[in-house]
Amino acid sequence: MPHTSIIYRNIYLYRLIMDLLYKGSYNQRFEKIYGMIEGRNVVELCFGDIIIAEHCRQRGIRWTGFDMNTKFVRHAKKKGFDARLADVKRISELPTADLCIIAGSLYHFAENIESLILKMMHSAQRIIISEPIHNLSNRSDLVGYLARRSTSCGEKHEQFRFTQSTFKDMLFHLSAKHRFRFKLMDTVKKDIIAVLDRNPNKG
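The numbers attached to residues start from 1 for each chain and follow its sequence in the written order. Thresholds applied to this predicted model are a pLDDT of at least 70 for local features of residues and 80 or more for the giving and counting of side-chain atom pairs; totals over whole chains, interfaces and linings are not thresholded and use all residues. Based on all heavy atoms of the structure, the side-chain values leave hydrogens and waters out of the count.

**Details of the packing of aromatic side chains**
In step 1: In this analysis, rings of Phe, Tyr and Trp, with Trp reduced to its six-membered ring, are considered paired at centre separations within 6.5 Å, and the interplanar angle assigns stacked below 30 degrees, edge-to-face beyond 60, and tilted for intermediate values. Across all of its chains, the model carries seven aromatic pairs by this definition.
In step 2: Consider the rings of Tyr26 and Phe30, whose centres lie 5.5 Å apart with planes at 80°: the pair is edge-to-face. For the pair Tyr26 and Phe30, one class covers both residues: buried.
In step 3: On the basis of an interplanar angle of 80° and a centroid distance of 5.2 Å, the ring pair of Phe47 and Trp63 is categorised as edge-to-face. Of this pair, Phe47 sits in the loop between β1 (41-45) and α3 (51-59) while Trp63 sits in strand β2 (residues 62-67), and the two are 16 residues apart along the sequence. Burial status follows relative accessibility: with a 1.4 Å probe on protein chains alone, a residue under 20% of its type maximum counts as buried, one over 50% as exposed, and anything between as partly exposed. Per the convention used, a helix needs a DSSP run of H or I reaching at least four residues, while a strand needs a run of E reaching at least two, with both numbered from the N terminus.

As structure tokens, this is what we get:
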């Protein structure tokens, strides 16, 4: 049976630990994303919590979420959301949407980032990525301990983390290779937010 860090075993424990990791500003990490959501339908990968889903519902936007965590998907379904249990790495094609979002989970795809971004680009004209760029696991306090203990979503403990420079380098490299545009929007606490736009001439 795959190992799953304790943070992913209960939605309420997940929220508590995330709020500790973000020093009481867990919800704040999503506020910048809210202002960037456009269109009538959104696909969110590795959604975990349903904060973005609830915002979309309030705005009359259709939301579809993918996650490999059975408990998170069950929780979202009970709330009436279109949540689908799936390993994003193994999905060949995502639903067509106006916007595709991944928040706080890109590091899980360290070996498949190019493939994932191309899959998202095929799904939607625009992509929002919000990703931690400050490695809290190096800290010696409670926050560092929680960060070290919350690295596995079901396969293994991932050691890879982005820094601001490696995140930018990754986007510059892939945008040059696949001819998409991107803009670094802001940093919120320990996260950086980027918006990627597919080249309309590529279809």
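Continuing now.
**Describing helix α7 (residues 164-178)**
Side chains that are three or four residues apart share a direction in an α-helix, a result of its 3.6 residues per turn.
In step 1: Here the expected length of a helix is defined as 1.5 Å per residue gap, with one fewer gap than residues. The terminal C-alpha atoms of α7 lie 21 Å apart, and with 15 residues this matches the ideal 21 Å at 1.5 Å per residue to within 8%.
In step 2: Every buried residue belonging to α7 is among Phe167, Met170, Leu171, Leu174, Ser175 and His178, and all of these are buried. Mapping the buried residues of α7 onto a view down its axis gives an arc of 120°, with all of them on the same face. In α7, the exposed positions angled more than 90 degrees off the buried face are occupied by Asp169, Phe172 and Ala176.
In step 3: By the convention used here, residues are in contact when the closest approach between their heavy atoms is within 4.5 Å. Summarising the contacts, the buried residues of α7 are in contact with α5 (113-123), β5 (124-132), β6 (181-188) and β7 (191-197).
In step 4: Positive phi appears at Arg179, one or two residues downstream of α7, with a value of about 55°. Directions drawn from the helix axis to the C-beta atoms are what define this arc.

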